[in-house]
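Letter by letter, the chains look like this.
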2 protein chains.
Amino acid sequence: MKFKEKTIESREIFKGKMINLRLDTVELPNGKISTREVVEHPGAVAVVALTSEEKVLLVRQYRKACEEELLEIPAGKLDPGEDPDDAAIRELEEETGYRAESLKKLVSCYTSPGFADEMVHIYLAENLTPTSQATDEDEFLSIHHFSWQEIIEMLKRGELKDAKTVTGLLMVMVQKGVEL
Amino acid sequence: MKFKEKTIESREIFKGKMINLRLDTVELPNGKISTREVVEHPGAVAVVALTSEEKVLLVRQYRKACEEELLEIPAGKLDPGEDPDDAAIRELEEETGYRAESLKKLVSCYTSPGFADEMVHIYLAENLTPTSQATDEDEFLSIHHFSWQEIIEMLKRGELKDAKTVTGLLMVMVQKGVEL
C-alpha cells in the first residue's frame, strides 16, 4: 500500500455508547506530519426484506444527527464479537417482527471512510415468517410496506435519504432487473 | 414528526478540522431521557465520471480510519457555504484533472444517520475535458479507468468497499440498464 499513513501517536478523545473518537498523528507518504480524526464504530448490518407479496419493509424513525425522520431498511449495530449474518437475522426480527430463515449477502461497505471505520453489511431476506417485534428501549419506529413501483417513485423524488437503504435497494433492483 | 427527540442539553466534545463531536441529551417520545452522540460534518460531494470511452474514473487512496486503500469515485468535502453543484465540478477537476461542463444529480443521502449529519450529494459527469490535477497538500491518490464490465466484476467480488461509490455506480447502472 504505497499511500499508507503510519501512526505516530494516537489519542483518545471520547468514549461513548455508540462511537469512540480518537485523534491520530500520522506520517504522510511524503514524510510530512498530519492528523486524522477517526470515529470508531462497531459496524452494522442492514436488510432489504421482501414479504411474500413482494413488498419491501422499511422502518421510519427519528434520526437525531439529521434532525428528521428517515425511511430506512431495517438495520442495527453489531454486538461485540457478533457474526454479521447472525446480527442481520436478529435485527430484522427485533425491528420488524419478521424472521428470515436465511439471508443473502449483497455488499459490505464503509459508510464514511474519510472519518469513520464503520462497515455496514447489507443483506437480502426473502421467505419471511411473522413473529413479534422487540425494539430497544430507546428505539421508536414504525414499519411500512412498499411495492417496487413505490420504491422507484420515492427514489426518483429523493425521498429515500439513507445511504445504506439506497445502496441495498439498488443492489436488489440491479440483480432483479428492475428499471428506474 | 411523531418520533421527534427534543434536545434538552447540547455539549461540545471536540472541534476538529474535518468533524466536530457533540453530545445531546434528549427527551424521547415516551418522556424518558437519553443521550445521542452526534458527529457534525460539512457534507460532501461525489462524482461518477465517465470518459468519452465510457470508462469510469476511480481514485485509489489510503483511508486512515479503515487502515486500507480504497477505490472510490472522486469526492470531497463541501467548503463553507459552497453550493454542492459547484463543489462537485471543483472536486472532480482537483482530484482527477478532468473538467465537466455540467453534472446530473443522482441522489443525496446521509452516510451514517445513526451518529453523523454528513450528507453526500452524488452526481454523474459525462463529456469530460482533460485539464490538470491539483490535489490538497495532505491528499495522495492515483487515478484509474475501468470499463463497466470491470466495475461489475469488482462489485461482485466485493472489491468496491466505499458506500458512496457503490451507490453512485449502481444508480448509473440502473439508469443505463447495465445488468449485474
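It should be emphasised that the depicted structure is a prediction, and the values quoted were computed from it without experimental measurement.

### Looking at the side chain of B:Glu5
- Residue placement: B:Glu5 occurs in the segment before strand E1 (6-15).
- The exposure class assigned to B:Glu5 is buried, which follows from its relative accessible area of 4%.
- Those residues in contact with B:Glu5 that sit more than four places away from it in its chain are A:Tyr62, A:Lys64, B:Val26, B:Glu27, B:Leu28, B:Pro29 and B:Arg36.

### A word on the sheet that holds strand E12 (residues 141-146) of chain A
All names here are of chain A.
- The strand order across the open sheet formed by three strands is E6-E5-E12, and the pairing between neighbours is antiparallel. Each edge of the open sheet is held by one strand with a lone partner, namely strand E6 (68-72) and E12. On average, adjacent strands in this sheet sit at an angle of 25° to one another, irrespective of strand direction.
- Where strand E5 (residues 56-63) and E12 come together, six bridges link them in antiparallel fashion. Paired with Leu57 across the two strands is His145, which belongs to E12.

### Concerning the relation of the copies chain B and chain A
- Here chain B sits on chain A after a turn of 180° about the axis and a move of 0.0 Å along it, with an RMSD of 0.0 Å. Viewed as a symmetry operation, the transformation between the two copies matches a two-fold axis.
- When the interface residues of chain B are mapped onto chain A, 100% of them are again interface residues, pointing to one common binding face.

### What to know about the interface of chain B and chain A
- Each side of the interface is counted separately: chain B has 73 residues, and chain A has 74 residues.
- Both faces considered, chain B and chain A share a buried interface measuring about 6,300 Å² in area, 66% of it formed by carbon and sulfur atoms.
- Across the contact surface, chain B and chain A share one salt bridge.
- A:Lys4 is paired through a salt bridge with B:Glu67; the nearest N and O atoms lie 4.0 Å apart.

### Regarding the domain arrangement of chain A
Residue and element names in this part refer to chain A.
- When cut into domains, chain A gives domain 1 (6-40) and domain 2 (44-176).
- Taking the mean C-alpha position of each, domain 1 and domain 2 sit 30 Å from one another.
- Facing six residues of domain 1, the contacting portion of domain 2 comprises five residues.
- Counting each side, the surface lost to burial between domain 1 and domain 2 is near 420 Å², with a carbon and sulfur contribution of 49%.
- The tally of links between domain 1 and domain 2 comes to zero salt bridges.
- Run the count over domain 1 and domain 2 and you get two residue pairs in polar contact (both at pLDDT 80 or more).
- Residue classes in the side of domain 1 that touches domain 2 are distributed as three nonpolar, no polar and three charged.

### Here's the deal with the sheet that holds strand E10 (residues 119-125) of chain A
All names here are of chain A.
- Read across the open sheet, the four strands follow the order E7-E4-E10-E9; overall the sheet is mixed. Bordering the open sheet on either side are strand E7 (75-77) and strand E9 (103-110), each of which pairs with just one other strand. Averaged over all adjacent pairs, the angle separating strand axes in this sheet is 20°, with direction ignored.
- Alignment of strand E4 (residues 44-49) against E7, held across three bridges, turns out to be antiparallel. When the bridges of E7 are listed, Ala44 appears paired with Lys77.
- Contacts between helix H1 (residues 84-96) and the sheet are confined to E4, E7, E9 and E10, with E4 contributing the most and set at about 60° to the helix.
- Across the face of the sheet, helix H3 (residues 163-176) comes into contact with E4, E7, E9 and E10 while running at roughly 130° to E9.

### Concerning helix H3 (residues 163-176) of chain B
All names here are of chain B.
- Over its 14 residues, H3 runs 20 Å from end to end, which matches the ideal 20 Å to within 8%, given 1.5 Å per residue.
- Buried residues of H3: Ala163, Lys164, Thr165, Val166, Thr167, Gly168, Leu169, Leu170, Met171, Val172, Met173 and Val174, and no others.
- Backbone geometry just after H3 places Gly177 at a positive phi near 70°.

### Notes on the pattern of salt bridges
- What the rule picks out here adds up to 35 salt bridges over all chains.
- Among the ionic pairs, B:Arg90 bridges to B:Glu94, the shortest N-O distance being 3.4 Å. Placement of the pair is B:Arg90 and B:Glu94 together in helix H1 (residues 84-96), with a separation of four residues, close to one helical turn.
- Ionic contacts of the salt-bridge type, sharing partners, join the residues A:Asp79, A:Glu82, A:Arg90, A:Glu91 and A:Glu94 into one network.

How each quantity is defined
- Along every chain, residues carry numbers that run from 1 in the direction the sequence is written.
- The naming scheme follows written order: chains are lettered A onward, ligands numbered 1 onward.
- Confidence filtering applies because this is a predicted model: local features only for residues at pLDDT of at least 70, side-chain atom pairs given and counted only at 80 or more, and all residues used for totals across whole chains, interfaces and linings.
- For side-chain calculations, the full set of non-hydrogen atoms in the structure is used, while hydrogens and water are omitted.
- The helix and strand labels rest on DSSP assignments: H or I over at least four residues marks a helix, E over at least two residues marks a strand, and numbering proceeds from the N terminus.
- Here's how the labels work: a residue is buried when its accessible area is under 20% of the maximum for its type, exposed when over 50%, partly exposed in between, all with a 1.4 Å probe on protein chains only.
- Any two residues having at least one pair of non-hydrogen atoms within 4.5 Å are treated as being in contact.
- Here a strand pair is declared whenever DSSP counts at least two bridges between the two strands.
- Orientation is described by lines fitted to C-alpha atoms, with helices fitted over the stretch in contact, and by angles between N-to-C directions that extend from 0 to 180 degrees.
- A least-squares superposition brings the copies together, and it is based on the C-alpha atoms of residues with pLDDT no lower than 70 in both.
- Summed over both partners, buried area is the accessible surface (1.4 Å probe) that two parts give up on being assembled.
- The salt bridge criterion pairs a side-chain nitrogen of Lys or Arg with a carboxyl oxygen of Asp or Glu, the two atoms within 4 Å.
- Just so you know, the domain bounds were taken from an automatic or database domain assignment.
- We call two N or O atoms a polar contact when they sit within 3.5 Å, provided that within protein one can donate a hydrogen and the other can accept it, with sequence-adjacent residues counted only if both atoms are side-chain atoms.
- Residues were grouped as follows: Ala, Val, Leu, Ile, Met, Phe, Trp, Tyr, Cys and Pro as nonpolar; Asp, Glu, Lys and Arg as charged; and all remaining residues, including Gly, as polar.
- Expected helix span is computed as 1.5 Å times (number of residues minus one).

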